[in-house]
Amino acid sequence: MNMFQDDVVSSATSSPASSLYSPSPHGHVHGSWVQELSQDQQSVRLVGLLYQCAAEVAAGAIDRANFYLEQITQLASLDAPHTLQRLAAVFADALARKLLNLVPGLSRALLSTANSAEAHLIPAARRHLFDMLPFMKLAYLTTNHAILEAMEGEKFVHVVDLSGPAANPVQWIALFHAFRARRGGPPHLRITAVHDSKEFLANMAAVLIKEAEAFDIPFQFTAVEARLDELDTDALRHNLRVRSGEALAISVVAQLHRLLAADDANRRHCLTPLQIIARSSPNSFGELLERELNTRLQLSPDASSALSSLSPQSPVLAAHQRPVAKLGSFLSAVKALSPKIMVVTEPEANHNAATFQERFDEALNYYASLFDCLERASSSSSAAAAAAERARVERLVIGEEIRGVVAREGAERKERHERLPQWARRMQGAGMEPVGLSYGAMMEARKLLQSCGWGGYEVTHDPRGEAFFFCWHRKPLYFVSAWRPAACRQSS
């Protein structure tokens, strides 16, 4: 059951005068009203409070936003028994951080220690997420199937894994199985993995080399210690160790959207809308602070409405060279490598909208579904450890994504998820063409869901029949699509 059913949301948003949805700042004695509400009433109220708080944050109404945060925290907590309460606690934290980030020094002083204290728990939380939900397993299976089909008859194969934090050696162990079983035997296989953790890369190398020896597969592993957005696109062939004579496949799971954030980093020397607008001298420090808070909230460096009216010859921009888009240059560099296939998995969500309010609304509904998935997974196990694992995933993995969407702006806002049609336009604009995913891959994915007893999940085709959606109760949460350079069409 989806915690954000349409009737709950609509009943909250269609009656703003309702005492459940729009509490007056002076209408209740602090905290006394919580005990008066049933669980259903608390849920409806939480939804309304979250939307209202986000609206006040977007408007720069600090006092009003603070009032709603106080209301939310009386109803929600990270260890609450109900899913919506935990989700609301994570979003309240993200909204509070967005306000705090307006004073960068204060934000860094207060949050850096708290963030680093649990950093060592994140790898384990990612493993729990992999075990609890089927999305990454489906992505790996579908990617491998597409690679296997593209590499039919190839004797020398090079696979580049650009998935970074989403990478997992189990994906490539499964590919070993598939290559070993193919007619004609396995190819000479080389895997290059890009990751910013030397320890992860060393462990991955050890695991894969051992498995390749067991399968008697000629194998070589190359480690590239870097993040995807750090790769020099002008030297991509060298950085990824691409060689002639090898058929190239590229896999990137839930990482390509981060290059959209890198585009903002390229603009760090350009004037921001805040610098353009806030020119007049304030009469007081309070007026300056209020103006800066309101402007920062409503105009992020990547929201280019203020800049769009300026021509390339504008004196504001004349002193700075217009930046080259990181994603565009990366895709152009990928095309130049002539891969036989590039398989992309991304969240099916629009978390890169122009306005904060749009991103918040989309994120609240999207992550409500993910929290539903986690709740179902943990409730299906009687072990108390399952609830503890779920809590770590919600707080450290999904919670960090939510903070990335809601709390951050500019180059620090890494979670810029976009839907399949937007990615298709980007890929085709870079000279790539879609490679249809096969019916066999669809059947294998559905078989995986059935064999593991994952009820409520399904795999569907996109309307054009070229990509897959991974859905929870018919709501697409991830997509996987395959691409190749348009110049590399294969004759049938």
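Refer to the preceding data block for the structure.
Thresholds applied
- Residues numbered from 1 in each chain as written.
- Predicted model: local features only at pLDDT ≥ 70, side-chain atom pairs only at ≥ 80, totals over all residues.
- Heavy atoms only, no water.
- Helix = DSSP H or I, 4+ residues; strand = E, 2+ residues; numbered from the N terminus.
- Buried < 20%, exposed > 50% of the residue type's maximum accessible area, 1.4 Å probe, protein only.
- Contact = heavy atoms within 4.5 Å.
- Areas by Shrake-Rupley, 256 points an atom, 1.4 Å probe, with all protein chains shown as cover.
- Expected span 1.5 Å × (residues − 1).
- Core = buried A, V, L, I, M, F, W, Y, C linked by side-chain atoms within 4.5 Å.
- Salt bridge = Lys/Arg side-chain N within 4 Å of Asp/Glu carboxyl O.
- Axes fitted to C-alpha atoms, helices over the stretch in contact; angles between N-to-C directions.
- Parallel < 35°, antiparallel > 145°, perpendicular 65-115°, else oblique.
- Left-handed = near helix turned anticlockwise from the far one by under 90°.
- Pairing = 2+ DSSP bridges.
- Right-handed = clockwise from strand over helix to strand, strands pointing away.
- Polar contact = N/O pair within 3.5 Å; in protein donor to acceptor, adjacent residues only side chain to side chain.
- Phe/Tyr/Trp six-rings, centres within 6.5 Å; stacked < 30°, edge-to-face > 60°.

Enquirer: I'm lost on the overall build of the protein in this one. Help?
Expert: Counting its regular elements, the protein contains 20 helices and nine strands. Expressed as a percentage of the 492 residues in the protein, the buried residues total 51%. Across the protein, the fraction of contacts at a sequence separation of at least 24, relative to all contacts at a separation of at least 6, is 77%. Only carbon and sulfur atoms are counted for the fraction: they give 52% of the accessible area of the protein, which is about 22500 Å².

Enquirer: Sorry if this is basic, but what is going on with helix α2 (residues 39–59) here?
Expert: Residue pairs three or four apart in sequence face the same way in an α-helix, which turns once every 3.6 residues. For α2, built from 21 residues, the straight-helix expectation of 30 Å at 1.5 Å per residue is met to within 8% by its first-to-last C-alpha distance of 30 Å. Burial of α2 is extensive: 16 of the 21 residues sit out of reach of the surface. Of the residues trailing α2, Gly60 is marked for its positive phi of about 80 degrees.

Enquirer: Would you take a moment to explain unusual backbone geometry for this structure?
Expert: The general pattern is negative phi for most residues beyond glycine and trans for most peptide bonds. Positive phi, close to 60 degrees, is recorded for Asp216, a residue that is not glycine. Structurally, Asp216 can be placed in the loop between α9 (198–215) and β3 (219–225). Note on Asp216: relative accessible area 64%, which makes it exposed. Residues other than glycine seldom take positive phi values, yet Ser338 does so here, at roughly 55 degrees. Residue placement: Ser338 occurs in the loop between α16 (326–336) and β5 (341–347).

Enquirer: Teacher, can you tell me more about the nonpolar core here?
Expert: Where a protein is soluble and globular, its nonpolar side chains tend to be buried together. In this structure, Phe91, Leu133, Phe135, Phe360, Tyr367 and Ile402 are the most contacted members of the largest nonpolar core, which totals 104 residues. The element contributing the most residues to this core is helix α17 (residues 356–379), with 12 residues. Contact partners of Phe91, with chain neighbours within four places excluded, come to Leu50, Phe360, Ala363, Leu364, Tyr367, Ile402 and Val406. Counting residues in each nonpolar core, the second largest holds 35 residues, with Leu231, Ala333, Phe469 and Trp483 among its members.

Enquirer: Just to check I follow, could you spell out the pattern of salt bridges for this structure?
Expert: If charged atoms from side chains of opposite charge come close, those side chains can pair. This structure, assessed with the given rule, holds 22 salt bridges. One salt bridge in this structure joins Arg390 and Glu375, with 3.7 Å as the shortest N-O distance. Note that Arg390 is positioned in helix α18 (residues 384–406) and Glu375 in helix α17, a separation of 15 residues in sequence. According to the relative accessible area criterion, Arg390 is buried, its value standing at 10%. Here Arg426 ties to Glu418 by a salt bridge, and the two come within 2.7 Å at their closest N and O atoms. On the basis of relative accessibility, which here comes to 3%, the residue Glu418 falls in the buried class. Overlapping salt bridges, with partners in common, bring together Asp93, Arg97, Glu400, Arg403 and Arg408 in one network.

Enquirer: What should I look at first to understand the packing of helix α7 (residues 135–150) against helix α20 (residues 439–451) in this one?
Expert: Axis angle and axis distance: for two packed helices, these are the angle between their axes and the distance between the axes, and together they describe the pair. Between α7 and α20, the shortest axis-to-axis distance is 10 Å and the interhelical angle comes to 150 degrees. Between α7 and α20, the interaxial angle falls into the category roughly antiparallel. α20 is crossed by α7, and the crossing has right-handed handedness. Contacts between α7 and α20 pair Lys137, Leu138, Leu141 and His145 from the former with Gly440, Ala441, Glu444, Ala445, Leu448 and Leu449 from the latter.

Enquirer: What should I look at first to understand the pairing of strand β2 (residues 188–195) in this one?
Expert: Across the eight residues that make up β2, a large majority, seven, are buried. Across six bridges, strand β1 (residues 156–161) lies against β2 in parallel orientation. Its bridge partner lying in β2, Val159 is registered against Ile191. Assessed by its sense of winding, the connection that carries the chain from β1 through helix α8 (residues 169–181) to β2 is right-handed. Both β2 and β3 contribute to a ladder of seven bridges, which runs parallel.

Enquirer: Which parts of the structure should I look at to understand the environment of Gln71?
Expert: Mapped onto the elements, Gln71 comes out in helix α3 (residues 62–75). For the pair Gln71 and Arg45, spaced 26 residues apart in sequence, the C-alpha separation works out to 9.6 Å.

Enquirer: Would you mind showing me how to read the side chain of Thr192 here?
Expert: Along the chain, Thr192 turns up in strand β2. Among the polar contacts listed, one links the side chain of Thr192 to the side chain of His158, at a separation of 2.8 Å. Leave out the neighbours within four places in its chain, and Thr192 touches His158, Val159, Val160, Asp161, Thr222, Val224 and Leu240.

Enquirer: Help me understand the environment of Gly245, please; the structure alone is not making it clear to me.
Expert: Inspection of the secondary structure puts Gly245 in the loop between α10 (236–239) and β4 (247–253). Among the residues examined, Gly245 registers a relative accessible area of 66% and is labelled exposed. Linking Gly245 and Lys155, residues 90 residues apart in sequence, is a C-alpha distance of 9.5 Å.

Enquirer: Could you clarify how one ought to interpret the packing of aromatic side chains in this entry?
Expert: Here the distance between the centres and the angle between the planes together describe a pair of aromatic rings. Evaluation of the coordinates by the stated rule reveals 11 aromatic pairs. A centroid spacing of 5.3 Å and a plane angle of 75 degrees characterise the contact between Phe176 and Phe219, whose relative ring orientation is edge-to-face. Residue Phe176 is located in helix α8, and its partner Phe219 is located in strand β3; the two are separated by 43 residues in the primary sequence. The rings of Tyr51, Phe91, Phe356 and Phe360 are connected pair by pair, giving a single aromatic cluster.

Enquirer: I'm lost on the environment of Phe468 in this one. Help?
Expert: Along the chain, the position of Phe468 falls in strand β8 (residues 467–472). Residues Phe468 and Ala139, 329 residues apart in the sequence, show an inter-C-alpha distance of 9.5 Å. Apart from the residues within four sequence positions on either side, Phe468 is in contact with Thr142, Leu437, Ser438, Ala441, Met442, Val459, Thr460, His461, Tyr478, Phe479 and Val480.

Enquirer: Can you walk me through the side chain of Gln85 in this structure?
Expert: Among the secondary structure elements, Gln85 is positioned in helix α4 (residues 83–100). Overall, the relative accessible area of 9% leaves Gln85 in the buried class. At 3.0 Å, the side chain of Gln85 forms a polar contact with the backbone oxygen of Leu75. Ignoring sequence-local partners within four residues, the contact set of Gln85 consists of Gln39, Gln42, Leu46, Leu75, Ala76, Ser77 and Ala80.

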